[in-house]
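# Fold and contact review
In case you want the letters, here they are:
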Amino acid sequence: MPVAWRLWAAPAVRPRPRFVFVFLRGGYDALSALVPYGEPFYYEARPNIALAPPDPANLEAAVPLDHRWALHPSVSDALMPFWDAKQLAFVPFTGTGFVSRSHFQAQDWVELGQAPEARPASGSGFLNRLLTELDDARGPATGVSFTPTLPPSFHGPMPVANWPLSGSRRGKINPGLEELILAMYDEHALEDLVRDGLGLRREVSLQLQQEMQEASRAALPAGSFALESARMGRLLCDHPEYLLGFVDVGGWDTHAGQGAARGALSSRLRDLTEGLQALAQELGSEWQRTLVVVMSEFGRTFRENGSRGTDHGHGTTLWVLGGGIQGGAIRGEQGGLGSGDLHQDRDLPVLNEYRDVLAGLLAQHYGLGREALARVFPAASARNLGLL
Amino acid sequence: MMRLTATPAAQAMSEYRQRSAEITAIQDADQRRLAESELREARRLLVMEYSGGFFRRLVSQPADGVEALVWFWFNHFNVLWQNDLVGAALPSYIDEVLRPNAEGRFRDLLLGTMTHPAMLVYLDNTRNGSGKMNENYARELLELHTLGVNGGYNQADVRETARILTGAGLRPLEPVQWAPKQVPHLVQRGEFLFDPRRHDFGRKDLLGQTIPGKGFGELEALADRLSRHPATARHLAGKLCLFLVGEGSPPALAEEAARIFRETSGNLAAVLGPIRERLNRRDAPGLKTFKEPQRWLTSALALLSGGVPVKNAQLPLGWLSALGQGLFSCRTPDGYSLRGGDWLSAGQLAQRFELAPQIVNTLPRLAETAMPPEQIRASPAVGALEATLGPKSRQALTRAKGDAGRLALLISSPEFMYW
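Residues numbered from 1 in each chain as written. Chains lettered and ligands numbered in written order. Predicted model: local features only at pLDDT ≥ 70, side-chain atom pairs only at ≥ 80, totals over all residues. Heavy atoms only, no water.

### Considering the overall build of chain A
We count it as follows: Segments assigned H or I by DSSP are reported as helices when at least four residues long, segments assigned E as strands when at least two residues long, and all are numbered from the N terminus. C-alpha atoms define the radius of gyration in this analysis, and the globule rule sets the expected value at 2.2 Å times the number of residues to the power 0.38. Think of it in three bands: with a 1.4 Å probe and only protein chains considered, a residue is buried below 20% of the maximum accessible area for its type, exposed above 50%, and partly exposed in between. Contacts are assigned to residue pairs with any non-hydrogen atoms lying within 4.5 Å of each other. For accessible areas, the Shrake-Rupley method is used with a probe of radius 1.4 Å. Any residue's cover is judged against the shown protein chains and nothing else. When charges are tallied, Lys and Arg are placed among the positive residues and Asp and Glu among the negative ones, while His and the ends of the chain are skipped. Here the site of a charge means NZ on Lys, CZ on Arg, CG on Asp, or CD on Glu.
Looking only at helices and strands, chain A features 13 helices and 12 strands. Computed over its C-alpha atoms, the radius of gyration of chain A comes to 21 Å, within 12% of the 21 Å expected for a compact globule of 388 residues. Expressed as a percentage of its 388 residues, the buried residues of chain A come to 60%. Within chain A, residue pairs in contact and separated by at least 24 positions form 74% of the contacts whose partners lie at least 6 positions apart. With the model as given, the accessible surface of chain A reaches about 14300 Å², and the carbon-plus-sulfur share is 52%. Considering chain A, the positive charge centre built from 34 side chains and the negative charge centre built from 43 side chains are found 1 Å apart.

Encoded structure:
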């Protein structure tokens with residue numbers, strides 16, 4: 001059994017590649033982040049919420065990546081440096097191999113990562129299965145989830161520590177009580193989890209205390225993903241055995257008044273991307289061997305709805321970031337975006353099954369063989385995006 | 001400040017709908033947003049106050065009492081109060097459908113949920129109409145509420161179920177001129193309306209039987225069919241055993257309960273008989289289940305309050321949210337997991353350790369009559385629990401700081417994490 005907390009005090013283990021999964025719950029509007037400005041139908045379908053085509057004179061215009069795609073101006077500040085350094089790639093037309101317009105169902109599907117026809121009601125999550133494959137002779141492998149409860153992605157036999165980083169409340173457990181608690185759990189079946197939990201909790205608490213004293217970090221807005229990510233980066237830096245990390249970000253269900261260059265969605269996107277920037281910064285040299293995937297359970301409707309928002313759709317855009325990737329490109333299979341190209345005349349079609357995409361990335365990132373990969377993503381066919 | 005009427009329970013739903021409609025008509029966008037947020041706040045307040053009362057009753061009753069069963073049924077027929085009308089419909093859903101039927105006939109309970117706005121809105125059946133089908137509710141009705149995921153139905157059954165459910169939704173706010181031939185088919189109860197204009201009157205073939213198209217009667221036939229199905233008996237009996245007896249519940253007990261369910265066509269009082277009997281004898285070793293957050297918290301409160309009612313439930317409700325099992329707050333239709341093991345995580349344990357001293361220190365102020373730690377510490381319940389502790393926990397207790405420290409340690413002990 002891997003026991004993170006006990007190993008933390010041990011000499012540094014040989015660093016291995018790291019994977020962080022950033023899950024956007026609620027179905028983010030991919031077409032507002034990676035804008036298909038080269039498609040006339042995009043402007044036709046979204047008269048009120050489309051981002052203006054690239055125009056150096058217009059600060060509210062999208063910022064071009066190539067002849068077809070551009071970035072939302074609120075994300076370009078944080079993401080352009082990654083793009084220019086080839087540390088960022090986008091995979092549009094990505095999604096699940098089944099159609100569910102239900103958040104909970106689609107989220108579970110994504111997190112469990114089973115084959116589309118399996119329809120599992122429960123079971124292990126793909127990150128836990130990945131952990132099982134990584135926990136081998138090369139060293140301890142464990143995962144960490146920066147959430148109050150263990151997300152389905154991490155459900156399974158491998159123990160995983162979890163603690164949320166978004167709050168500002170520093171809960172206290174006095175050391176005397178903690179010592180007595182540990183004495184009660186000495187040699188108990190839960191001892192490892194108790195140590196992991198107390199250890200991670202204490203560490204986060206210390207970090208929050210430090211932040212209070214350091215003006216620079218206090219400057220990040222409370223409750224922001226940027227603040228959460230900076231904390232995440234520092235924790236990961238300190239603990240190389242945390243090979244897999246999970247965090248989720250909510251607030252993407254923009255059915256009404258989502259705005260364009262400004263507005264609710266714009267703020268969410270800015271916070272998200274500033275968070276990714278903060279994560280990379282805090283990771284420092286660790287960023288080189290870190291792979292980050294950002295995705296959502298589904299995309300939103302191609303056309304805006306009657307309340308200047310968008311409804312639940314299907315295909316979405318997956319982001320890949322990492323210090324060691326050959327990015328700076330739009331990858332995966334691409335389709336047309338005319339009115340006749342939409343899935344059910346409504347959504348971005350899915351041409352890249354997300355499990356195939358993740359399987360391809362993780363196979364290369366961790367050197368997983370075919371059999372190991374089949375245990376993590378049953379019946380997936382790994383897709384090589386040429387990023388690693 | 002805007003308030004929604006709390007009693008009678010169904011009143012809030014009507015007010016919420018009326019107000020929503022008025023808000024939609026507001027021209028000025030800023031004013032509209034303001035009105036929307038006021039309505040949301042009123043809905044939040046209603047749910048908060050209702051939750052407080054519910055929680056107080058839950059803590060004051062035994063683990064197999066009526067409120068616990070109501071909790072079970074809410075969890076089984078879960079809805080999300082943040083979802084539009086659902087919050088305003090929550091008191092009616094619980095007080096008028098779940099509680100009256102909690103130990104009655106499963107068929108009535110089921111039909112009650114099938115015709116309640118809370119469920120119909122939450123699972124999108126208000127958008128399910130003839131020719132414009134939405135299968136969301138139909139699927140969950142079979143998978144979660146009745147037959148269970150391996151209950152032997154297929155996609156065609158989901159489709160036929162959805163067809164039966166077409167037209168079950170909300171009454172229009174504007175008056176409707178009904179055609180004479182539609183009038184006999186109308187069924188309206190408060191905000192619920194079976195709308196024959198939206199119903200698919202064709203014949204349905206469900207689970208190997210035919211249900212002739214006859215309107216609302218199809219919903220009753222569906223409730224009958226599903227509650228008499230052996231898969232439903234198996235599914236429900238298993239869940240009740242898991243909830244009341246825990247993960248160590250013997251398979252024979254679930255079989256017995258399922259048999260009674262089948263033979264009585266879902267008479268819940270009869271089904272609960274042998275389960276309760278078993279519950280009262282569940283001291284056999286090896287049957288321990290990790291307490292889900294609510295069970296841990298309510299058992300701690302019961303232990304520490306010495307039977308004195310809690311007058312302010314808002315803090316405990318906050319603790320419950322911190323532990324990840326906020327009351328009426330599960331976002332997914334499958335409800336919270338009843339398997340204790342699913343709740344076991346490093347963060348869950350650490351969160352309990354962090355809350356334990358807070359609970360011990362705050363509780364005397366929450367109870368109707370304050371109980372100082374030394375008095376709680378001397379109570380028979382605490383004495384009885386301490387007697388069951390293993391040597392390591394007992395040893396640690398002797399080193400605790402003061403009575404409060406000792407009580408915090410007690411509810412943090414490994415023994416107290418299991419039931």
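### Concerning the pairing of strand β6 (residues 142–145) of chain A
Residues and elements named next belong to chain A. Test applied: Strand pairing is assigned whenever DSSP identifies at least 2 bridges connecting the two strands.
Here β6 shows no split at all, with Thr142 and Val144 on one side and Gly143 and Ser145 on the other all buried. Strand direction decides the pairing type here: β6 and strand β8 (residues 242–249), joined by four bridges, are parallel. Residue valine 144 lies in a different strand from β8, and its bridge partner there is glycine 245. As defined by bridge partners, β6 adjoins strand β7 (residues 160–162) across three bridges and the pair is classed as parallel. Each bridged residue has a counterpart across the sheet, and for valine 144 the counterpart in β7 is alanine 161.

### Regarding helix α18 (residues 391–398) of chain B
Cut-off, in case you're wondering: Think of the arc as the fan of directions from the helix axis to the C-beta atoms.
Buried within α18 of chain B we find Ser393, Ala396 and Leu397 of chain B. Each buried residue of α18 of chain B lies within a common arc of 100 degrees when the element is viewed along its axis, so the set occupies one face. Pointing more than 90 degrees away from the buried face of α18 of chain B are the exposed residues Pro391 and Thr398 of chain B. Residues of α18 of chain B that are buried sit in contact with α7 (175–184) of chain A together with α17 (380–387) and α19 (402–412) of chain B.

### Digging into the domain arrangement of chain B
Residues and elements named next belong to chain B. Spelled out, the test is: Segmentation of the chain into domains, including their bounds, is taken from an automatic or database domain assignment. Once two parts are put together, the accessible area they lose, assessed with a 1.4 Å probe and summed over both, is termed the buried area. Criterion for a salt bridge: a side-chain nitrogen of Lys or Arg within 4 Å of a carboxyl oxygen of Asp or Glu. Three classes are used: nonpolar for Ala, Val, Leu, Ile, Met, Phe, Trp, Tyr, Cys and Pro, charged for Asp, Glu, Lys and Arg, and polar for all others, with Gly counted as polar.
If you check the domain split of chain B, you get domain 1 (11–227), domain 2 (229–279) and domain 3 (293–417). For domain 1 and domain 2, the distance between their C-alpha centres works out to 26 Å. Taken residue by residue, the interface counts 26 residues in domain 1 and 17 residues in domain 2. Here domain 1 packs against domain 2, burying approximately 1800 Å² in sum over the two surfaces, 63% of which is carbon and sulfur. Among the residues of domain 1 in contact with domain 2, Asp64, Phe72 and Glu103 are the three that bury the most area, contributing 29% of the side total. Taken together, the links from domain 1 to domain 2 amount to two salt bridges. Glutamate 103 is paired through a salt bridge with arginine 276; the nearest N and O atoms lie 2.9 Å apart. Listed by contribution, the elements that provide at least two residues to the side of domain 1 that touches domain 2 are α3 (66–76), α5 (106–114), α7 (136–145) and α9 (216–228). Of all the elements, α3 adds the most residues to the side of domain 1 that touches domain 2, at six residues. Along the lines of polarity and charge, the residues of the side of domain 1 that touches domain 2 split into 13 nonpolar, eight polar and five charged.

### Things to note about the pattern of salt bridges
Residue and element names in this part refer to chain A. Evaluated as defined, the whole model comprises 47 salt bridges over all chains. Of the charged contacts, one joins arginine 346 and aspartate 347 as a salt bridge, the two residues approaching to 3.4 Å between their closest N and O atoms. Relative accessible area serves as the criterion here: at 0%, aspartate 347 is assigned to the buried category.

### Topic: the interface of chain B and chain A
Here is the rule we go by: Between N or O atoms, a polar contact is any pair within 3.5 Å; within protein, one atom must be a potential hydrogen donor and the other a potential acceptor, and residues adjacent in sequence are included only when both atoms are from side chains.
With 34 residues of chain B in contact, the opposing surface of chain A contributes 30 residues. Around 2800 Å² of area is buried between chain B and chain A when both sides are counted, 66% of it from carbon and sulfur atoms. If you sort the residues of chain B by the area they bury against chain A, Phe353, Glu354 and Lys392 of chain B come out on top, with a joint share of 22%. Glutamate 187 of chain A serves as the salt-bridge partner of lysine 392 of chain B, at 3.2 Å between the closest nitrogen and oxygen. At the junction of chain B with chain A, the criterion picks out eight residue pairs in polar contact (both at pLDDT 80 or more). Within the residue set of the side of chain B that touches chain A, elements represented by two or more residues are α7, α15 (346–366), α18 and α19 of chain B.

### Digging into unusual backbone geometry
Each neighbour pair has its own omega, and for threonine 7 of chain B with proline 8 of chain B the value is 0 degrees, a cis peptide bond. Relative to the elements of secondary structure, proline 8 of chain B occurs in the segment before α1 (11–24). Not every positive phi belongs to a glycine, and aspartate 345 of chain A is a case in point at roughly 50 degrees. In this fold, aspartate 345 of chain A is placed in the loop between β11 (329–330) and β12 (352–353).

### Concerning the side chain of threonine 301 of chain A
Residue and element names in this part refer to chain A. Following the sequence through the fold, threonine 301 ends up in the loop between β9 (290–296) and β10 (316–322). In this structure the side chain of threonine 301 is engaged in a polar contact, spanning 3.1 Å, whose partner is the backbone oxygen of arginine 303. Dropping the residues within four chain positions of it, threonine 301 is found in contact with Arg46, Thr310, Asp311, His312, Gly313, Arg346 and Asp347.

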